[in-house]
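So you can see what is in the structure, the chains are spelled out below.
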Protein chains: 2
Amino acid sequence: MRIGELARRTGVSERALRYYEEQGLLQPARTAGGYRVFTAADVERVRHVRLLLAAGLSTALIAEMLPCMVPAADVLAPGCPELVPYMNRERDRITASIEELTTARDLLDRMIAATPV
Amino acid sequence: MRIGELARRTGVSERALRYYEEQGLLQPARTAGGYRVFTAADVERVRHVRLLLAAGLSTALIAEMLPCMVPAADVLAPGCPELVPYMNRERDRITASIEELTTARDLLDRMIAATPV
DNA sequence: GTAAACATTCACGTCGGCGTGAGGGTCAAG
DNA sequence: CTTGACCCTCACGCCGACGTGAATGTTTAC
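Residues numbered from 1 in each chain as written. Chains lettered and ligands numbered in written order. Predicted model: local features only at pLDDT ≥ 70, side-chain atom pairs only at ≥ 80, totals over all residues. Heavy atoms only, no water.

Attention now moves to the nonpolar core. Core analysis: the biggest nonpolar cluster contains 70 residues, and Leu17(A), Met65(A), Leu17(B) and Met65(B) have the highest contact counts within it. The contacts of Met65(A), once residues within four sequence positions are left out, are Leu52(A), Leu57(A), Leu83(A), Met87(A), Leu108(B) and Met111(B). (Core = buried A, V, L, I, M, F, W, Y, C linked by side-chain atoms within 4.5 Å. Buried < 20%, exposed > 50% of the residue type's maximum accessible area, 1.4 Å probe, protein only. Contact = heavy atoms within 4.5 Å.)

Here it is, written out as structure tokens:
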């Protein structure tokens, strides 16, 4: 499929998809005319990218991680032992972030609840 | 106390504290010579600010919210009914964000677990 | 009264994930 | 063969919470 369809199917802008390719997160083939050609698997790939970006990982780290989740079963495969320390660090950061967000939400809840009306 | 002490006690840089004042999040008194003078309550206030900033709220919204959590009991007090819609929106955004982060963390966990060694 | 520690006000720099045109090719249908 | 729809490559813009000096003034301890 071409970039427009991938954009529609993922809800990600074309600009963002081109940016992802530039950052090594996608490697579409090309038509003779220079059009990018994506595969069905790229839809899932883009979803993973967005998820990890939303979690605060950099495109650089994601680019290194992606080869480790190549095939069918979502995750398995190669396994990149050298990335484990980084992934653990991100994991802990995410956990801390979740706790902060939870605390902040509690604060908001208390403020909302305390509103006189 | 002066800015250096507040910075030490909150772990927030002096630059950030000045920025918070500029954004209306703090209103320190001044000495004759122009030095900012903060109160003990400002320590808590700064913690709240950081918490809400970390949760993705803008300084502008936080500035509007702070008068609603003035006094002792952390939150109560004035109550700003007109802010409730905004706070609800942020609350929902935070909830969605927590879910995303949780999903991303699960993905990381699976990748870490799938590492061959 | 003087020096060290502490503070002040600008004001430009940063960073990263895109948004947003501009100017111009490619492709499929009729 | 032409006309949309679709795509391409630059390349500057943006945003927001500060970082980072530079040049200067204030306090306090001795």
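Before going further, it helps to examine the relation of the copies chain B and chain A. Mapping chain B onto chain A is achieved by rotating through 180° and translating by 0.0 Å along the same axis, at an RMSD of 0.1 Å. Accordingly, the operation relating the two chain copies is best matched by a two-fold axis. Taking the C-alpha atom as reference, chain B places Ile98(B) closest to the rotation axis, 2.9 Å from it. Taken as a fraction of all interface residues of chain B, those also at the interface in chain A reach 98%, which identifies the copy contact as same-surface. (Least-squares fit on C-alpha atoms with pLDDT ≥ 70 in both.)

Before going further, it helps to spend a moment on the interface of chain B and chain A. Between chain B and chain A, the residue contacts involve 40 residues of the former and 39 residues of the latter. Considering only the side of chain B, the residues that lose the most area to chain A are Leu101(B), Leu108(B) and Met111(B), jointly responsible for 18% of the buried surface there. Applying the counting rule to chain B against chain A returns two salt bridges. Residue Arg91(A) is joined to Asp109(B) by a salt bridge in which the shortest nitrogen-to-oxygen separation is 2.8 Å. (Buried area = accessible area lost by both parts, 1.4 Å probe. Salt bridge = Lys/Arg side-chain N within 4 Å of Asp/Glu carboxyl O.)

Below, the discussion takes up the protein's contact with DNA strand D. Residues in contact with DNA strand D amount to 23 residues; listed here are only the nearest, Tyr35(A), Arg36(A), Ser13(B), Tyr20(B) and Tyr35(B). For DNA strand D, the fraction of protein-proximal atoms (within 4 Å) that sit in sugar or phosphate groups is 69%. Between DNA strand D and the protein, one listed contact pairs a phosphate oxygen with a side-chain N or O atom of Arg36(A) at 2.2 Å. Backbone polar atom of Gly33(B) to a phosphate oxygen of DNA strand D: 2.8 Å apart, as the coordinates give it. Residue assignment for the surface near DNA strand D shows that the elements contributing at least two residues are helix H1 (3–10) and helix H2 (14–22) of chain A together with helix H2 (14–22) and helix H3 (41–54) of chain B. Looking at the surface near DNA strand D, the element that brings in the most residues is H2(B), giving four residues. (Near = heavy atom within 4 Å. Polar contact = N/O pair within 3.5 Å; in protein donor to acceptor, adjacent residues only side chain to side chain. Helix = DSSP H or I, 4+ residues; strand = E, 2+ residues; numbered from the N terminus.)

Moving on: the domain arrangement of chain A. Residue and element names in this part refer to chain A. If you check the domain split of chain A, you get domain 1 (1–79) and domain 2 (80–117). Domain 1 and domain 2 are separated by 26 Å when their C-alpha centres are compared. Taken together, the contacts link nine residues of domain 1 with eight residues of domain 2. Summing both partners gives a buried area of about 640 Å² for domain 1 against domain 2, and 74% of it is carried by carbon and sulfur. (Domains from an automatic or database assignment.)

It is worth spelling out the protein's contact with DNA strand C at this point. In the vicinity of DNA strand C there are 22 residues, among which Ser13(A), Tyr20(A), Tyr35(A), Tyr35(B) and Arg36(B) approach most closely. A breakdown of the atoms of DNA strand C within 4 Å of the protein gives sugar and phosphate a share of 67%. Within the backbone of Gly33(A), an N or O atom sits 3.2 Å from a phosphate oxygen of DNA strand C. Taking Gly4(B), its main chain carries an N or O atom lying 2.8 Å from a phosphate oxygen of DNA strand C. Listing elements by their share of the surface near DNA strand C, those giving two or more residues are H2 and helix H3 (41–54) of chain A together with helix H1 (3–10) and H2 of chain B.

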